[in-house]
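Descriptive structure summary
So you can see what is in the structure, the chains are spelled out below.
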Amino acid sequence: MRQIRQSKKLHDVRYDVRGPILVEAQRLEAEGHRILKLNIGNPAPFGFEAPEAILADVAHHLPHSQGYSDSRGIFSARTAVAQYYQQRGLRETAVDDVFIGNGVSELISMVLQAFLDDGNEILVPAPDYPLWTGAVTLSGGTPVHYLCDEANGWNPDLADIESKITENTHGLVIINPNNPTGAVYSKEIVDGLVDIARRHDLVVFADEIYEKILFDDAVHHHAAASAGSDVLCLTFSGLSKAYRVCGYRAGWVMISGPQEIATDFIEGLTLIANMRMCSNVPAQHAIQTALGGYQSINELIVPGGRFYEQSMLAHRLLNEIPGVSSVKPSGALYCFPRLDPEVYAIEDDEAFVIDLLRAKKILVTHGTGFNWPAPDHFRLVTLPDVVMLEEAIGRIADFLATRR
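Rules behind the numbers
- Residue numbers restart at each chain and count upward from 1, following the sequence in its written direction.
- Local features are withheld for residues below a pLDDT of 70 in this predicted model, meaning they are given only at 70 or higher, and side-chain atom pairs are given and counted only at 80 or more; totals for whole chains, interfaces and linings count all residues.
- Side-chain metrics rest on all non-hydrogen atoms present in the structure, leaving aside hydrogens and water.
- For Phe, Tyr and Trp, where Trp contributes only its six-membered ring, two rings pair if their centres lie within 6.5 Å, and the inter-plane angle classes them as stacked under 30 degrees, edge-to-face over 60, or tilted in between.
- Numbering of helices and strands runs from the N terminus, with a helix taken as a DSSP run of H or I at least four residues long and a strand as a DSSP run of E at least two residues long.
- For every residue, the accessible area (1.4 Å probe, protein chains only) is compared with the maximum for its type, and the residue is labelled buried under 20%, exposed over 50%, or partly exposed between those bounds.
- Residues belong to one nonpolar core when they are buried, are Ala, Val, Leu, Ile, Met, Phe, Trp, Tyr or Cys, and are joined through side-chain atoms within 4.5 Å.
- Here, two residues are considered to be in contact whenever any of their heavy atoms come within 4.5 Å of each other.
- When DSSP finds two or more bridges between two strands, those strands count as paired.
- A crossover counts as right-handed when, viewed with the strands pointing away from the observer, the path leading from the first strand over the helix to the second turns clockwise.

**Describing the packing of aromatic side chains**
- Under the criterion given, the structure shown has twelve aromatic pairs.
- Ring plane angle 75° and centroid distance 5.3 Å describe the contact between Phe115 and Phe205, whose orientation is recorded as edge-to-face. Pair noted here: Phe115 is in helix 4 (residues 103-115) and Phe205 is in strand 7 (residues 203-207), with a separation of 90 residues, a long-range link. Both residues of the pair, Phe115 and Phe205, belong to the buried class.
- When the ring of Phe352 is compared with that of Phe399, the centres are 5.7 Å apart and the planes differ by 55°; the resulting orientation is tilted. With Phe352 in helix 13 (residues 349-360) and Phe399 in helix 14 (residues 386-401), the pair connects residues that are 47 residues apart, well separated along the chain. Both residues of the pair, Phe352 and Phe399, count as buried.
- Taken together, the aromatic side chains of Phe115, Trp132, Phe205, Phe236 and Phe265 make up a single cluster linked through ring pairs.

Have a look at this one:
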């Protein structure tokens, strides 16, 4: 019989956050092992619950959420998002500039499908959230990775970006706060990134899902504010992380800048939105309540709050391991430590984390899974409480002691 094979479009698509390592973890679980999963930024399994007001509002609207909504999203949710950006200095933002989707992940894929022709190049950071690279590839485009500089707090290397622009470069992805590094970019860096887009006539794709998860004196700067009226900017955000409702799949993209030159593209995005009917209607009712109500995230990101204390503890404990260095995260929910190649001779970082998984029952993600070019990093999720984190990083330290 003829073999049924996957599409050739998938041959260069990877998503190692849920890839072969997770398959091995599931095999071990089936054997009865208990695996501590530090591979995915999913707050719920670690005791983080959504604000009660969000749950109550979704439940209240369930009887009225049984049919399709406008493919762009319900009016109250889009209004709330528009007003959110208006309050942050983007006063021209209107309801029609907003599309609601099943999380940022769906919207990234929709936007790139509407935007890319085969072979178009998109500048994507390295390391990146790998969905960006995968979605560019699946949409027919070519991801071109620009380096973020670990020695400079994981800030993007602006000169490296400039050197990789060709006549076929069409867009620039900015992930701020950054997943996986935890970097939060200064206004000067954001302005510099947008200025590159301005001078080279690029569209900016700003992934800002962690914008509310900031530590100490870190300040988030919207790329759309720097883009102003002369650079088309698509800003992605949502409820998953700051409001602890990953499973609700409630996100948005906001379009700003010179939309008069993008009417054809926006028409294409509207077509794709129509084709998938609409996003999850019950979850859309959470958006107005979340953005307008009490911001409980603020309790978690200050000293004494769990997000803060866990991130700082992970940073400290990782740096205490010989041959390991980790840049202090300024935001998000991750550390991205480096394993000194002079201490740990790792040639295959995927094999390394599988060995760690089998030996210590700790599941992390290898650095090349985030399109980092060398096998010398891994990403650790900082969501477990401090007791669990101490145990987990202690196990990692014990494992690394056998590899020095």
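Having seen the structure, we can now continue with the description.
**Quick look at the nonpolar core**
- Core analysis: the biggest nonpolar cluster contains 134 residues, and Trp132, Phe205, Leu234, Phe236 and Phe307 have the highest contact counts within it.
- Excluding residues that lie within four positions of it along the chain, Trp132 makes contacts with Ile108, Leu112, Val124, Val173, Ile175, Phe205, Asp207 and Phe236.

**Examining the sheet that holds strand 15 (residues 378-381)**
- Sheet architecture is open: three strands sit in the order 11-15-14, paired in antiparallel fashion. At either end of the open sheet lies a strand with only one pairing partner, and these are strand 11 (334-335) and strand 14 (365-366).

**A word on the pairing of strand 15**
- Here strand 15 shows two buried faces, one formed by Phe378 and Leu380 and the other by Arg379 and Val381.
- Examined bridge by bridge, strand 11 and strand 15 share two bridges and lie antiparallel to one another. From the neighbouring strand, Tyr334 faces strand 15, where its bridge partner is Val381.
- Here strand 14 pairs with strand 15 via two bridges, running antiparallel. The partner of Thr365 across the bridge, within strand 15, is Arg379.

**Some remarks on the pairing of strand 7**
- With five of its five residues buried, strand 7 lies for the most part within the structure.
- In terms of strand pairing, strand 6 (residues 169-175) meets strand 7 through five bridges, oriented parallel. Note that in strand 7 the partner of Ile174 across the bridge is Ala206.
- Considered for its hand, the β-α-β crossover made up of strand 6, helix 7 (residues 187-200) and strand 7 is right-handed.
- Examined bridge by bridge, strand 7 and strand 8 (residues 233-238) share four bridges and lie parallel to one another. Bridge pairing in strand 8 links Ala206 to Thr235.

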